Structure formats: C-alpha cells, structure tokens
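Residue strings, one per chain:
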Amino acid sequence: MGAANLMAKLQYGMSPVETEEDVSPIAEAYICHVSGAEFWGDPAWEHGDHEHLFADEDGNEYTEKCDGDEMPTEYYYGQYAECAAKFVNEVVANLVRSKATAVAAGRGDSSELKLVKIPIVYTTNWSSSITYKLKDDKVLSYSMPIEYKFTVEAAYSFDHDKDFYQIQYTQFIPMSKAFKGHFSFKRKMAYRDKYGGFNFGGHSVEVELCNYKPGVSAYSVEGVLPENKPLEGTVAKCDGWSVGSNVSGGDGLVVGLSGEYSSSTTITVPYKEIPVEYKRKRLDLLSWEYTVPDHMYYYKNRGGNGGYVRGPKICEQDMSLQQGWGWIVSNTKRQGDTPLKMKVKTSTTVKSGACTSGAGGNTAWNILSIMPKEHEVNLPVPERVRNSYHIVAEPMTDEAERLRQLLIQNCSKFQYVIEHPERCGVTDAALEDKMEREWRSVYDQISSRGKIPNVKEEVRFYLEDASGNKLDVYRTTGQGIIIRTDGLVLVCH
C-alpha cells in the first residue's frame, strides 16, 4: 500500500511531505501503463468520522456524520487484489493482440486495423448506515465496492488532423451486497413495525470532454448508446465514426487504409424496469439519467399496520450499467502530448425505509443514500507525429545487398523495420527514442546469432529518418551496425 500511495502521489503531482502523523492513503492500489491504461483502487476504509449524503422522499438532501468504518477483512483485500490482477491481465492481452495484428494492419487493409482497447478502472468502497426510530432502534448498514470502468480506443487521422475516440463506460453495482431484506417485528398486540432495504434507487452519469489547447475543439459525437428509443435483446451495438487513409493505428505504425475503418459501441441493454433518459447538452457534454418508476417504498396506515411495496427484483441484485459513444476532435496536432480529459460525474442511490404501527398516527420513512463520485480521466494520447525510417548501407555494393537480403531472411526485427518504414509517436522525441530502442533490438538479434560466414567486405548499416539523420543504437556510443570481414557484428560510428 505504501508503494501504491507513493505512485499515486507522483502521478497526480501531490507533494510527498514527510510527517510522523498517521496520514490516510489516497489509494489502496495504483497501476499505470505507458499506453494510458490505469487502475485506481480507492482506500478500502476511512479513518475516523466522515459525512455521508442522504435525501428524503421529497428529494431534500442532507448530510449526517457516520462513524469510521471497520477495518476490512483479508477477504475484502483479496477482492481488491482480484480486480487489480484482472486489470493487468487485460492490459497484457491487449498488447499481445495489438502486436499480433500490427503487421497485417501495416499492409493497409482496413479490415485488419485493430485499435487497442485501453482500460481505465476505478474502484470505490461505499458504506453507510441508517438508524430507524421504531419500537427499538433498528440499524441498516451496507458496504459495497462499485467499479467504474472506461474502455477507450483512440486513433488519429494524419490527413484530417482529427482525433477519434470510442468509449465504453461501465458501472458495476453489486446490489446483492447492499440488500439486507425486509423485516417485521411486533410492537404490541397485532401491530408490527417494519423496515428494510437497501434497494437500487436511481443512477446518473454525466461526461464532459475538456482540457483543449487553443484551436482544438469537439467536431462531432457519434454512435451514442443508450439513446431515447427502445432496444431489443440483451446486447445493443451501434456504429460510430469512420476513418480512412493514413491513420495512427497503434503499435507506432502509420496505417494507409485502402478503405475505411468503422468504430462501434456495444453495451448491455438497460433493464426494462430501469428506464434511462439521454441528453446531449453539447457535442462534448452528454448525460444519462436512470430511474425506477415502480420503486420500493414504505407507507403508513393510520390506526393500523403500515407496509411496503417491494419494487423490481433487479433492484436487489448485482447490475451492470453501460454507456457508449464516440468523439471526433478537430485540430488535435495543436494538442501536442497534453491529453484531452473527461470530467465524469456518476451518482448512485440506494433506498431503504421503515414504518411504525399503532392505534394512532404513524410514520413512514423512505431514505435515499447517495453515492456521488467524480473522476477526471486522461484520454490516451494518439500518436500524431510521423516520420519514415530506412535502413541504408555503406558502401552500397553487391556485397552490401547480399548481406541485406541475408538479414531480411534470418532476422525478423531487421525485416520488420524494412517492411514498416512509416512510423508515428506522441512527440518527435518519443518517436526517436522508440526507434533508437528498436534499432538496438535489431543489433541485439543480429549479434546474438554469432559470426556471419563468408563476408567478402566490411559493410555498415544505418537507420535514417526522412531528413537523412542517422539514429543512435540505443544506449551505445554508435549509430551503425558493422559486419566485419571476420563475421563479427559490432556497433560503429
């Protein structure tokens, strides 16, 4: 946890102040990857008293101070570890899939362009308790971890200077951990007080694209799901944007598409008991509001027993709510390596209630426990800088050409550089660094094979960019790969 806390402080610019005081960690677990993938596990428990937000049945919000949470069990920490392991496995699988399709994508076949799905995951443990003043005080408490997951695909069009983002947002709400049931107990004679919960009571999502550099702006929003129209089945798919010609397609390649690549969004269809209203407030500001028309509620009965309406069964069970959309952003070369951001506001409510009984006036309560969460998500930065790279030989002789063909046939990394000259990166410096590392891997592979037999004359190979600048062999003092007449392979100037 200490390492995760330090990483989070470094990532988010927080000063690592030395103190002897017990400082609450800002993260239970934090994992990041150069692709933009990120896992953030909020602290599993809160030190000391803290406030929680509630609302009465008329929608009036108020806060109450809650006691500090109990320390989580080892089982609960194990759940955090499972979430983190799942995230790491997904990132690794995405990278393997990306490399497996990179060669095919570089040939310009739009059907083979597979954009990398980059996961950005946040987990937060929500807990609260409510005391109902019945014959005896009755306490209802819940504790459940909600997972907020963004899956982002990003591309850049060199021909149109536009970013293309396809986004799926999933909120996993394990209501089965919050629902305790409904209870009845004797007050006196035939009168019985009742209480129960927690049921799902509603949900809202708002996403805003922001952090534009001057001149950068949202161009369009495509493929939004769910919209305000019926959806059939359990899964819905909607086409998003299309992009063609020269595109940064992942793995540092410029893909010259022969046709167009079309994105799509797939989501789980909203539950029929929980309708959703979509609003497009601006091109870069979208919202969804989920309600429960036939919600659970408690009612009173003057001079008798009150009762409750249980509401939909799904509101007592684990649920996954999803939204999907695509954004196109103009003039993004001006954005440089500064990521566009999403401000995301998500709020979930759970409901509980109670009612008294007796011969006189009675009381019923219906309380919403509100769980608001805000995230500022860095979108992955597409590779908007391009250059071309070629392996050149000195001197240019028949022997140099023979050795070149020999290396193409026997060294896959040498062949890969030859076949994929058009490359891209986030910045010029990042692209150059990446290519120097790749040139080093070419040298390592060739030299690992031992001496090359029957070399008739000394030949040097260099990696040059489009301007004729020679790249260094990473972490060496040389730029070229020399094959000597004795067959040795060395780094040269």
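Given the structure is predicted, the values throughout are model-derived calculations rather than measurements.

1. Description of the overall build of the protein chain
Consideration 1: Tallying secondary structure elements over the protein chain gives 6 helices and 24 strands in all.
Consideration 2: Here the protein chain, with 493 residues, has 49% of them falling under the buried criterion.
Consideration 3: Here the contacts in the protein chain between residues at least 6 apart in sequence split such that 71% fall between residues at least 24 apart.
Consideration 4: When the accessible area of the protein chain is evaluated, it comes to approximately 23700 Å², of which 48% is carbon and sulfur surface.

2. Regarding the pairing of strand E20 (residues 385–394)
Consideration 1: Here 4 bridges tie E20 to strand E21 (residues 422–425), and the two strands are oriented antiparallel to one another. Within E21, the position partnered with Val385 by the bridge is Gly425.
Consideration 2: Pairing of E20 with strand E22 (residues 459–465), which is carried by 6 bridges, proceeds in the antiparallel orientation. Looking at E22, one finds that Ala393 is bridged to Phe461.

3. Brief notes about unusual backbone geometry
Consideration 1: Omega for the bond connecting Leu225 with Pro226 falls within 30 degrees of zero, at -10°, which places this linkage in the cis form.
Consideration 2: Turning to its location among the elements, Pro226 is positioned in the loop between strand E10 (217–225) and strand E11 (235–248).
Consideration 3: Cis geometry marks the peptide bond from Glu394 to Pro395, where omega comes out at -5°.
Consideration 4: Its location among the elements puts Pro395 in the loop between E20 and helix H4 (398–410).
Consideration 5: If you check the backbone angles, Asn331 has positive phi at about 60° while not being a glycine.
Consideration 6: Examined against the element boundaries, Asn331 turns out to sit in the loop between strand E17 (318–330) and strand E18 (341–355).
Consideration 7: Judged by relative accessible area, which is 28%, Asn331 ranks as partly exposed.
Consideration 8: You will see that Arg475, though not glycine, has its phi angle at about 60°, which is positive.
Consideration 9: The topology assignment puts Arg475 in the loop between E22 and strand E23 (480–483).
Consideration 10: Judged by its relative accessible area of 71%, Arg475 falls in the exposed class.

4. Regarding the packing of aromatic side chains
Consideration 1: All chains considered together, the criterion is met by 16 aromatic pairs.
Consideration 2: The interplanar angle of 90° and the centroid separation of 5.0 Å between the aromatic rings of Tyr156 and Phe158 together place this pair among those described as edge-to-face.
Consideration 3: Judged by its relative accessible area of 2%, Tyr156 falls in the buried class.
Consideration 4: Arranged with centres 5.4 Å apart and planes meeting at 35°, the rings of Tyr278 and Trp288 form a pair that is tilted. With Tyr278 in strand E13 (residues 276–282) and Trp288 in strand E14 (residues 285–290), the pair connects residues that are 10 residues apart, well separated along the chain. The pair formed by Tyr278 and Trp288 is uniform in burial state, with each residue classed as buried.
Consideration 5: Ring pairs connect the aromatic residues Tyr278, Trp288, Trp325 and Trp327, which therefore count as one cluster.
Consideration 6: Here Lys138 stacks its cationic end above the ring of Phe185, 4.5 Å away from the centre of that ring.
Consideration 7: Seen from the ring of Phe158, Arg386 lies directly overhead, with NZ or CZ sitting 5.0 Å from the centre.

5. Let's talk about the pattern of salt bridges
Consideration 1: A full pass over the atoms with the stated rule returns 22 salt bridges.
Consideration 2: Arg384 is paired through a salt bridge with Asp163; the nearest N and O atoms lie 2.6 Å apart. Of this pair, Arg384 sits in the loop between strand E19 (364–378) and E20 while Asp163 sits in strand E7 (residues 162–174), and the two are 221 residues apart along the sequence.
Consideration 3: Look at the salt bridges and you will find they share partners, linking Glu208, Arg282 and Asp284 into a network.

Reading the values: rules and limits
Residues numbered from 1 in each chain as written. Predicted model: local features only at pLDDT ≥ 70, side-chain atom pairs only at ≥ 80, totals over all residues. Heavy atoms only, no water. Helix = DSSP H or I, 4+ residues; strand = E, 2+ residues; numbered from the N terminus. Buried < 20%, exposed > 50% of the residue type's maximum accessible area, 1.4 Å probe, protein only. Contact = heavy atoms within 4.5 Å. Areas by Shrake-Rupley, 256 points an atom, 1.4 Å probe, with all protein chains shown as cover. Pairing = 2+ DSSP bridges. Phe/Tyr/Trp six-rings, centres within 6.5 Å; stacked < 30°, edge-to-face > 60°. Lys NZ or Arg CZ within 6 Å of the ring centre and 35° of its normal. Salt bridge = Lys/Arg side-chain N within 4 Å of Asp/Glu carboxyl O.

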